[in-house]
Amino acid sequence: MCDPISMIGLAFSIGMSVYNMQQQQEMANQQESANAQWVAYQRRQSQEFQARDEALRKNAEAGRTGALDELTAKKQQEAQENEAARLKASLTPEQLANQAEGDPNALASAMFSGQQNGSKEMQSAVQGHIQQAAIDARKRIAALAEVQSYGGSQYGLTNRANTILNAAGQDIRMAGNQRGGQLAAYNVAKAVEPIKITQYGGSAAGGLAGAGAQIAGGGLGNAMAGSM
Amino acid sequence: MGGKSGPSNNQMVQFEMQQAQEAKDKENKRQARLDQGKGVIDDLFGNRNFGDDFYDKYRNAELDYTMPQLTEQFTEAKRGAENDLARAGLLRSGAAGWVQGKLTNQMGVNEAGIRAKADTDTSELRKSIAAQQQQAYNQLYQTEDPTVAANTASSSVANAQLTQPNVGALDAMFKPIAIGLGSAIAPVVGQYETNRALNSSSGRGQGSLTTSS
């Protein structure tokens, strides 16, 4: 026969083991739930980051492609021709333009003083020379305007391209900076760890189960020894 | 990642794998955009758009500006030589031919120099367009990689520069040829040849035609 103490110890040991298993199962459930929360959090963070990053990338892309649209050969040539026309008008002295167009007053003003009293034929010949010289000068001024319009003038081709590229560069750098900040913030979110569930008292329950088993084992041992 | 439960936790492993796949897809898309973007830039700044016609326009504009100056100076020098030769009675002499040869030589060499300068200046325009293309490439990489953008933010963008031709008046391109001056005031260089040409051509043994260098 088993003594009552051993029986109580055995029952206690079994009870504590069951309790311990339930605790471990509970802990596993809690850990799984915590992991699920962590996955959901990380997924949400990832999706939000990707969406923000893509939006900022599109901002940069819009700046970049906008600049390229303005730098096509057609648009650059149009801009250069407009600038050449502006320069031609700006560089040509008004008097010279009038002389080239045959304005009699402008032509007469360029004649030497003694020639004003000469014959009509002579005056006409001299004025013809002056007009032709003015036309030639205008042609060369037009060529000068053409050359200048490619580079150093106010709205010249090179200045225009630099302005466009610099503006796009600012947009891209701004977006890049923001993307860098977003990435840093996301890296912090990625470093968040899931909650670790620890079973407080679990070892105590295990210890108690062990102690119960020891008592039950001791009692059973004695009973077995007595019966022999 | 540290702190995660063991490999038995399927959803965390699944999540990590999904993240890896998304990163891979994103990178593939990024590379496709880079390929496409580079292709657009190559085409935009390539020969189809910025071909010889574009650059020839610039070269011709420069020549249209400088060549008339040269032609004008040549005409003046020729007219002066004609007058001087006529005054010296040498217009139909071998000496006149020598002077004309000298002027023609100078005209040819000067024109070649001007054309060479126009060609070099056009090369500067090509460099300027190439610099624009380089900036476009840089911006493509900055757009697709924020770390590149961040790294290049501190360094200023190298702007395209076009070294413009000197649009001032040309210097005197033709060396003056003094005709009919006494040999005492004529420069030493060319004097011997000039006088020899004059004497052998005129057959009169008088007068002089000298060049100054």
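Thresholds applied
- Residues numbered from 1 in each chain as written.
- Chains lettered and ligands numbered in written order.
- Predicted model: local features only at pLDDT ≥ 70, side-chain atom pairs only at ≥ 80, totals over all residues.
- Helix = DSSP H or I, 4+ residues; strand = E, 2+ residues; numbered from the N terminus.
- Buried ≥ 20, exposed ≤ 12 C-beta atoms within 10 Å, placed from the backbone.
- Contact = placed C-beta atoms within 7 Å.
- Nonpolar A, V, L, I, M, F, W, Y, C, P; charged D, E, K, R; others polar.
- Core = buried A, V, L, I, M, F, W, Y, C linked by C-beta atoms within 7 Å.
- pLDDT = per-residue confidence, 0-100.
- Axes fitted to C-alpha atoms, helices over the stretch in contact; angles between N-to-C directions.
- Parallel < 35°, antiparallel > 145°, perpendicular 65-115°, else oblique.
- Left-handed = near helix turned anticlockwise from the far one by under 90°.

**Describing the overall build of chain A**
Scanning chain A for helices and strands turns up 7 helices and 0 strands. Seen in sequence order, chain A has helices and strands lined up from the N terminus as α-α-α-α-α-α-α. Buried residues in chain A amount to 25% of all 228 residues. Summarising the internal contacts of chain A: among those between residues at least 6 apart in sequence, 86% fall at separations of at least 24.

**So, the overall build of chain B**
Assigned secondary structure in chain B consists of 5 helices and 2 strands. Overall, chain B shows an N-to-C arrangement of helices and strands of α-α-α-α-β-α-β. A buried classification covers 24% of the 213 residues belonging to chain B. Residue pairs at least 24 apart in sequence account for 77% of intrachain contacts in chain B once pairs closer than 6 positions are excluded.

**Some details on the interface of chain B and chain A**
Chain B puts 43 residues into the contact, and the matching count from chain A is 41 residues. Elements that contribute at least two residues to the side of chain B that touches chain A include exactly helix H1 (10-44), helix H2 (52-87), helix H3 (94-144) and helix H4 (146-153) of chain B. Residues belonging to the side of chain B that touches chain A are distributed by class as follows: 23 nonpolar, 17 polar and 3 charged.

**With respect to the nonpolar core**
When a protein is soluble and globular, its nonpolar side chains tend to lie buried together. Membership of the largest hydrophobic core comes to 30 residues, with the highest contact counts inside it found for Ala67(A), Leu144(A), Val147(A) and Ile164(A). Those elements giving two or more residues to this core turn out to be helix H1 (4-70), helix H2 (73-91), helix H5 (120-148) and helix H6 (157-190) of chain A together with H2 and H3 of chain B. Residue contributions to this core peak at 7 residues, all from H6(A). Formed by 11 residues, the second largest nonpolar core is a distinct cluster that contains Leu90(B), Trp98(B), Ile177(B) and Ile179(B).

**Description of the confidence of the model for chain B**
Residues and elements named next belong to chain B. In the predicted model, chain B carries a mean pLDDT of 79, and 69% of its residues have values of at least 70. Counting contacts from residues 153-157, a segment whose pLDDT is below 50, to residues more than four positions away or on other chains yields 7 contacts. This stretch, residues 182-190, has a pLDDT under 50; its non-local contacts, to residues over four places away or in other chains, come to 18 contacts. Across the predicted assembly, pTM comes out at 0.73 and ipTM at 0.73.

**What to know about the environment of Gly94(B)**
By the element assignment, Gly94(B) lies in helix H3. Among the residues examined, Gly94(B) registers 15 C-beta atoms within 10 Å and is labelled partly exposed.

**Focus: the packing of H5(A) against H2(B)**
It is at 8 Å that the axes of H5(A) and H2(B) come closest, and there the two elements cross at 140°. Judged on the interaxial angle alone, H2(B) and H5(A) are oblique. As for the relative orientation of H5(A) and H2(B), their crossing is left-handed in sense. Residues Arg140(A), Ala143(A), Leu144(A), Glu146(A) and Val147(A) of H5(A) form the contact with H2(B), whose participating residues are Ala61(B), Glu62(B), Asp64(B), Tyr65(B) and Pro68(B).

**With respect to the environment of Ser90(A)**
Residues and elements named next belong to chain A. Positionally, Ser90 belongs in helix H2. Its 13 C-beta neighbours within 10 Å are what place Ser90 among the partly exposed residues. In this structure, the C-alpha to C-alpha distance between Ser90 and Ala145, residues 55 residues apart in sequence, is 9.0 Å.

**Some words on the packing of H2(A) against H5(A)**
When two helices pack together, you describe them by how their axes are tilted relative to each other and by the distance separating the axes. Residues and elements named next belong to chain A. Between H2 and H5, the least distance of the axes is 8 Å, while the angle of their chain directions is 135°. Between H2 and H5, the angle is such that the two are oblique. The handedness of the crossing between H2 and H5 comes out as right-handed. Taken together, the residues of H5 that come into contact with H2 (itself represented by Ala84, Leu87, Lys88 and Leu91) are Ile141, Ala142, Leu144, Ala145, Glu146 and Gln148. A class-by-class count of the residues in the contact of H2 with H5 yields 7 nonpolar, 1 polar and 2 charged.

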